[in-house]
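# Tertiary structure, described
Below, each chain spelled out in residue letters.
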Amino acid sequence: MQDPKPVRVIPDHQRQEVIKQYQILDTPRLAIEAANVGTWLIDKTTRVFITSPRVKELFGYESEVDFSFDVVLTCISDKYRDKMVAGIEDTFNTGKTYHIDFLINDLQGRPLRWIKAVGGLYKDPEGKMSHISGVMMDVTEQKLQELRKNKFIGMVSHELKTPLTSLKAYVQMLHAWARKRKDQFTAGALAKMEKQVKKMGNMINGFLSLAQVESGKIHLNITEFDLNELIKESVEEMLMLNPGRTITFSVNDVISLQADPDKIEQVIINFLSNAIKYSPGNGQISISAQVLDDMVEVRVQDEGLGIAQEDMEKLFDRYYRVENKQTEKIPGFGIGLYLCAQIIQHHNGKIWVESKPGKGSDFFFCLPQKADRSVV
């Protein structure tokens, strides 16, 4: 376990003095405690960690136990420990809201429990002593429900994929037969059917990917390929599904990339699909790729609705969708960009968006040109 950064060893009398200084914050906590939610606080200067009795109870300790942050870290599963420390440092440095779900190890002979911690950077009533203060709550039941739901979605999606694959093969065979007989009506009808089967397949693959991500079983098949060729194929597929639209892509020199081509194609297809969904019929859509030092950057631009700043901050969250009068009739489940973010993160890359309402959006992702084999 890494040395916990937010903790500083200070004399006990100094620690007790810090705790006394924060006692003025205890009054509003009574209402929170009544809701069976624990409160916690970390002082910015001393990094003293102060909790309510409910937080200690959540971790399996008695209320009179001296509960420091290093004790908390020993209770947290290895998978979430570094993330928790990094999140606290980020909140101190940037003022961003602290929000993490983590798993508590079974140290006290109790079942494993999921805890949600939320907090923000505050000052005391005198404008001094900046600190992070927040709440913790047991979300084990919600997490178990999510796991059961994701398992069900994965099982159903897997079962649907087999008959859909057979249906797609029969449709393609009949389409070829109709074209050979020059039966324009039947060929046209089957072409439309093939597009719908393709859309349904993409939807099922999305649910399968979601189930893999949520279960922590996402697997990368790293190979070396030409990124420009992959983009070209993705553009052709989107134009086939959306006739009448225009997507601009200027093929440059070969861009060799070590990554999972299927996963990267999924991100590109999602970017292009969103650009089409949220742009007018005559809106310009373009995609480009370039090498920047040892990184590869892909950019999709559109002239669509644009995205407000408050929505951009949540756009890559699971199930999040921009809700307004302009988007209420546009279909979607709010999982596409979340999956894109997970795929890029698993490649040790970065994903982001730049946008202004009414001016269109630019979606980006970048990742190392040469893969770190440890991500596989």
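Before any of the text, the structure's been laid out above.
Note that the structure is a prediction, hence the values are computed from the model and not measured. (Residues numbered from 1 in each chain as written. Predicted model: local features only at pLDDT ≥ 70, side-chain atom pairs only at ≥ 80, totals over all residues. Heavy atoms only, no water.)

With that settled, the discussion passes to the pairing of strand β1 (residues 38-43). Among the 6 residues in β1, 6 count as buried, and that is most of the element. In β1, alternate side chains face the same way, and those of G38, W40 and I42 on one face and T39, L41 and D43 on the other are all buried. Pairing geometry for β1 and strand β5 (residues 131-138), over 6 bridges, is antiparallel. In the sheet register, D43 faces β5, and the bridge partner there is H131. Relative to strand β2 (residues 49-51), β1 runs antiparallel, the two sharing 3 bridges. Its bridge partner lying in β2, I42 is registered against F49. Between β1 and β2, which pair antiparallel in sequence order, lie 5 residues; one of them, R47, sits at a positive phi of approximately 60°. (Buried < 20%, exposed > 50% of the residue type's maximum accessible area, 1.4 Å probe, protein only. Helix = DSSP H or I, 4+ residues; strand = E, 2+ residues; numbered from the N terminus. Pairing = 2+ DSSP bridges.)

What follows concerns the sheet that holds strand β11 (residues 350-356). The 5 strands are arranged β7-β9-β10-β12-β11 in an open sheet whose pairing can be described as mixed. Two strands close off the open sheet at either side, each with one partner strand: β7 (247-248) and β11. Relative to strand β12 (residues 360-368), strand β10 (residues 295-301) runs antiparallel, the two being bridged by 7 bridges. Of the residues in β12, the one forming a bridge with V298 is F365. Sheet strands touched by helix α9 (residues 261-277): β7, β9 (285-292), β10, β11 and β12. Its angle to β12, the strand with the most contacts, is close to 175°. (Contact = heavy atoms within 4.5 Å. Axes fitted to C-alpha atoms, helices over the stretch in contact; angles between N-to-C directions.)

Together, F152, M155, V156 and L160 give the surface a local cluster of nonpolar side chains, amounting to about 380 Å² of exposed area. On the secondary structure map, L160 appears in helix α6 (residues 140-180). (Patch = residues over 30% accessible without salt bridge, like charges linked within 9 Å, V, L, I, M, F, W, Y side chains within 5 Å. Areas by Shrake-Rupley, 256 points an atom, 1.4 Å probe, with all protein chains shown as cover. Salt bridge = Lys/Arg side-chain N within 4 Å of Asp/Glu carboxyl O.)

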